[in-house]
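Chain by chain, the residues:
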Amino acid sequence: MSSWFAAIRAAKRRRAMEAPFPPAWDEILERNLPLVTRLDEDDRATLRKMVQGFLAEKRFEGLGGLELTDEIRVTIAAQACLLLLHRDHACYPKLRSILVYPTTYEAPTQTMSPDGVMTEGRQRRLGEAWTLGSVVLAWDSVRGGAADPKDGQNVVLHEFAHQLDMEDSAADGAPVLERRGMYAAWARVLGAEYEDLQESIRRRQRTVMDRYGATNPAEFFAVATETFFEKPRQLKKKHPELYEQLQAFYRQDPERLATRRR
């Protein structure tokens, strides 16, 4: 991105963040997002500004006949910004658009057989993150995942964790960390936890994290992120080192918020 275009975007985002937060948007946060309503007032005020900047900067597009509303845009933006709440980084700098279907959609797939034969097909999906600057979401899954903040299933947190992972152009479960010295501990802890999840699934044991996290390291990080925000007590109890790594990365302690009474 040229420095000129970046400056234009930054100015647009800054103007949006300085505007009053619409009361109707606050009602959406209160109605749709229990994770957000747990935040203290300072964090909620910061999140509101981030949501305004996000919506000014990113393009939303309704697909499959979906008519976009403020409820859809604010519900998605608030959860995406929650991941960035205490991080001193740009607002998903490579992300340009959020594409929203009304419900689960089909996407083309390609699979390679062991003998090198490529097979094309279609797969039903709740969401996906593209390295080319787009996130795709199914609105019914967005709404359902946000409504239940304790089930460990949240498609927005999942797909935007992928966006964080891909900021270095590699979907490998290793996002950009604050300091070089943090990578060794990250690789050690998340690598071991990933292998443990795979082993637990092979043994048909119950797990805190969804089994989809055993697919590959990138999916493990995304699923771990969902679990960190939605099942923090269980994650901290069963996987304290993993919780500690995610707490350092996101600079948040959702386990503390889960016990906070409003």
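Keep in mind it's a predicted model, so treat the numbers as computed, not measured. (Residues numbered from 1 in each chain as written. Predicted model: local features only at pLDDT ≥ 70, side-chain atom pairs only at ≥ 80, totals over all residues. Heavy atoms only, no water.)

1. Focus on the environment of V156
So, point 1. Tracing the backbone through its elements, the reader meets V156 in helix α7 (residues 155-165).
So, point 2. Between the C-alpha atoms of V156 and A78, which are 78 residues apart in sequence, the distance is 9.6 Å.
So, point 3. Those residues within four positions of V156 in sequence are excluded, and the remaining contacts are I76, Q79, A80, L137 and V142. (Helix = DSSP H or I, 4+ residues; strand = E, 2+ residues; numbered from the N terminus. Contact = heavy atoms within 4.5 Å.)

2. What about the side chain of R48?
So, point 1. Note that R48 resides in helix α4 (residues 41-57).
So, point 2. Leave out the neighbours within four places in its chain, and R48 touches F21, D26 and E41.

3. A look at unusual backbone geometry
So, point 1. The backbone of R204 sits at a positive phi, close to 60°, despite the residue not being glycine.
So, point 2. Along the polypeptide, R204 turns up in the loop between α8 (182-202) and α9 (217-230).
So, point 3. On the accessibility criterion, R204 (79% relative accessible area) is exposed.
So, point 4. For R251, which is not glycine, the phi torsion reads 55° and is therefore positive. (Buried < 20%, exposed > 50% of the residue type's maximum accessible area, 1.4 Å probe, protein only.)

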